[in-house]
Amino acid sequence: MEKTMERKKYKVKRKISAYEIVIGCVLALYSFILIFLFGWAFLSSLRNHGAFRSDALAFPEGLKWKNYTDVFKTLKLSYIEGRSKVWVKLDTMFLNSLIYAGVGGLIQTFFTAAVAYCCARYKGFTSSLLRNVVIVTLIIPVVGTMPSLLDILHNMKLHDTWMGIFVQRVSFCTTYFLIFYAAFGAISWEYAESAFIDGASHSRVFFQIMLPLVKTLLITVFILLFVQYWNDYQNPWMLIPSMPTAARGLYHYLNDPISMGMNDENVPRQIAAGVIIFVPIFTIFVIFRDKIMGNLTEGGIKG
Amino acid sequence: MAKPNVFAKMKQKGTLFYWAIVILPILNYLVFFIGVNFNSIVLAFKDVYILKGEKHIDWVKFDNFKTILRDSQVLEYLVKNSMMYFAVTVCVIIPLTLLFSYYIFKKYFASGFFKVMIFMPSVICSMVLAIFYLNFTNEILDKIIFKPRIALMKKDEYATAVMIALFIIGGFSSNILLFLNAMSQMSLSVLEAARIDGASEIRTFWSVVLPSIWGTIVEMIVIAMAGIATQQANLQAMFGNEARNKMRTVGYHIFVSIFTDGFESETNYPYCSAFGLLATLVIAPCTLISRYLMRKFGPSEE
């Protein structure tokens, strides 16, 4: 009886530990700030500029989507082709984002996984060299190589081309290499041996047996890379200036509205532009949140 | 007797498959890592200029480095600000992320919801966060909360505080999963023993959790240190290319130095490369030595 009382007392004590209360309150405050910020931004995007200026905290008078339609009309970027100015609209920017993030993410996911598989399963000098190259490259910080990269791309005539972007994605020196390496290393080689006995080639074993076994990991890495590239505006700005992505368009919409032919600063419209760019990636996050936030470890996916 | 077919032997051993897979990534590494870095070093000692519409390149020895060091006032701001963001990462973001991670690891109240909230900023484009945050600062903090209006973003000291707050808000998400992974690999029996011994939450955290995940903490600090000279701290998203000198970081300064009047210009490449090389020469050894020392003298699981 006494023991039961003690246990109950202990449980009660655990529930109300100072740590839990303090950190819980800090996390609640943090979440409140984020929810308030995003909620306020969404509501503000539904207001007109005048009403917003007079009271930034008031609720919108109704669901007015004019700012959103205005963004689709006004958010455009120009570049010079020959002697003429070419305008790129938001729908094309979304398409560019999709190509930049989708194709780039696919290429990088495939090559990282493929090289990791080779290194994990075909032991030898080259494999250990490649693995060490990844580790050294990840450890040593290198700063300010963008000008040099631009210089090389200009010289190779790859600047401002999709090819110039995609050849850069045929890389393997990322943290994901180590994750794939551990995942392939943990898979029993007996699957492959059985397939070899049945006459399967090495490429068939890789594509039809090994890749499906790490499918979850492949999807997770692809989603993470897709999100990273979708949000990237600096690299597309530098490397593919005539193929602007949506994130880059948003950057110029905020920082250089005059270049888009707008001479007034319309805050709700700017916020609406932010919401438009935010919605696709937020949807992906909501759908795949368990995969994205799954325990991405060096042993693959846990939990 | 027929000679053994070398091609067939290679096919059987998987050599052909192996090289078919790795050859392109190796070439990529040679061009886009080795080549780019080598070219960056070479560019640092060159001067590129346009004369009568034609590009000219001269060797200028250490002139680019002298130009960087000559402007000591700007350099001082850049180093000070970059170090400040590093200090915020190490002293505020990493410790708070650790405490948050432990809360989520222990599955306390609403931990699943808080995990999503902490992680969310990492999937949002920094431009989107900047637009929302900048307007929130200008329209609510500045107009409604601080009366009379103090023009937060126009004054360096206030603007820096606003930028640090944004840096902290977006800073937890990148580390949280790594800390949670490290904690999930801790020995549960040690945690259970601490609980049975009546150790408080803080004591368990300090004496059991911290030593168990010290390796991950070291890696986080090393990543932050390696990123000192690349950290742009949302300056590009908030101010475009026009952030004032007093607010600039090394990473931001190098990036915007590529532009002249809003356009990328090849004539600026040597200066940026020299700045990058200088930063790498200082930061790379510091990072490697710190990593070694923290691993050697940090708390042990024993």
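Predicted, not measured: the structure shown is a model, and the values here were computed from it. (Residues numbered from 1 in each chain as written. Chains lettered and ligands numbered in written order. Predicted model: local features only at pLDDT ≥ 70, side-chain atom pairs only at ≥ 80, totals over all residues.)

Some points on the overall build of chain A
Step number 1: Counting its secondary structure elements, chain A contains 15 helices and four strands.
Step number 2: Taking 2.2 N^0.38 as the reference for a compact globule, 303 residues should give roughly 19 Å; the C-alpha atoms of chain A span a radius of gyration of 25 Å, well beyond that estimate.
Step number 3: Judged by the C-alpha coordinates and their principal axes, chain A covers about 85 × 70 × 40 Å.
Step number 4: Going through the 303 residues of chain A one by one, you find that 37% of them count as buried. (Helix = DSSP H or I, 4+ residues; strand = E, 2+ residues; numbered from the N terminus. Rg over C-alpha atoms; globule rule 2.2 N^0.38 Å. Buried ≥ 20, exposed ≤ 12 C-beta atoms within 10 Å, placed from the backbone.)

So, the overall build of chain B
Step number 1: When helices and strands are tallied, chain B shows 14 helices and four strands.
Step number 2: Expected size for 302 residues packed as a compact globule is a radius of gyration near 19 Å; at 25 Å, chain B overshoots this value by more than 25%.
Step number 3: Considering only C-alpha atoms, chain B reaches an extent of 95 × 75 × 35 Å along its principal axes.
Step number 4: Expressed as a percentage of its 302 residues, the buried residues of chain B come to 37%.
Step number 5: For chain B, contacts bridging at least 24 residues in sequence account for 67% of all contacts bridging at least 6. (Contact = placed C-beta atoms within 7 Å.)

Examining the pairing of strand β1 (residues 76–81) of chain A
Step number 1: Relative to strand β2 (residues 84–89) of chain A, β1(A) runs antiparallel, the two being bridged by six bridges. Along β2(A), the bridge assignment pairs A:L77 with A:V88. (Pairing = 2+ DSSP bridges.)

Notes on the interface of chain A and chain B
Step number 1: On the side of chain B, 69 residues touch chain A, which itself brings 70 residues to the contact.
Step number 2: Sort the elements by how many residues they give to the side of chain A that touches chain B and helix α2 (residues 18–44) of chain A lands first, with 13 residues.
Step number 3: Residues belonging to the side of chain A that touches chain B are distributed by class as follows: 47 nonpolar, 18 polar and five charged. (Nonpolar A, V, L, I, M, F, W, Y, C, P; charged D, E, K, R; others polar.)

Comments concerning helix α8 (residues 173–184) of chain B
Step number 1: When the terminal C-alpha atoms of α8(B) are compared, their 17 Å separation across twelve residues agrees well with the 16 Å that a helix rising 1.5 Å per residue should span.
Step number 2: Taken as a whole, α8(B) has its buried residues at B:N175, B:I176, B:L177, B:L178, B:F179, B:L180, B:N181 and B:A182. (Expected span 1.5 Å × (residues − 1).)

Quick look at the domain arrangement of chain B
Step number 1: Under the domain assignment, chain B is made up of domain 1 (6–43) and domain 2 (64–297).
Step number 2: A C-alpha centroid distance of 35 Å is found between domain 1 of chain B and domain 2 of chain B. (Domains from an automatic or database assignment.)

Concerning the domain arrangement of chain A
Residues and elements named next belong to chain A.
Step number 1: Taken domain by domain, chain A consists of domain 1 (2–67) and domain 2 (71–302).
Step number 2: Every contact between the two is made by nine residues of domain 1 and, on the other side, nine residues of domain 2.
Step number 3: Contributing elements (two or more residues each) for the side of domain 1 that touches domain 2: α2 and α3 (49–54).
Step number 4: Among the elements that line the side of domain 1 that touches domain 2, the one with the most residues is α2, at three residues.
Step number 5: The class makeup of the residues in the side of domain 1 that touches domain 2 is three nonpolar, five polar and one charged.

A look at the confidence of the model for chain A
Step number 1: In this model, chain A carries an average pLDDT of 87, and 90% of its residues clear a pLDDT of 70 or more.
Step number 2: Of the regions scoring below 50 in pLDDT, residues 298–303 of chain A engages in 22 contacts with residues more than four places distant in sequence or in other chains. (pLDDT = per-residue confidence, 0-100.)

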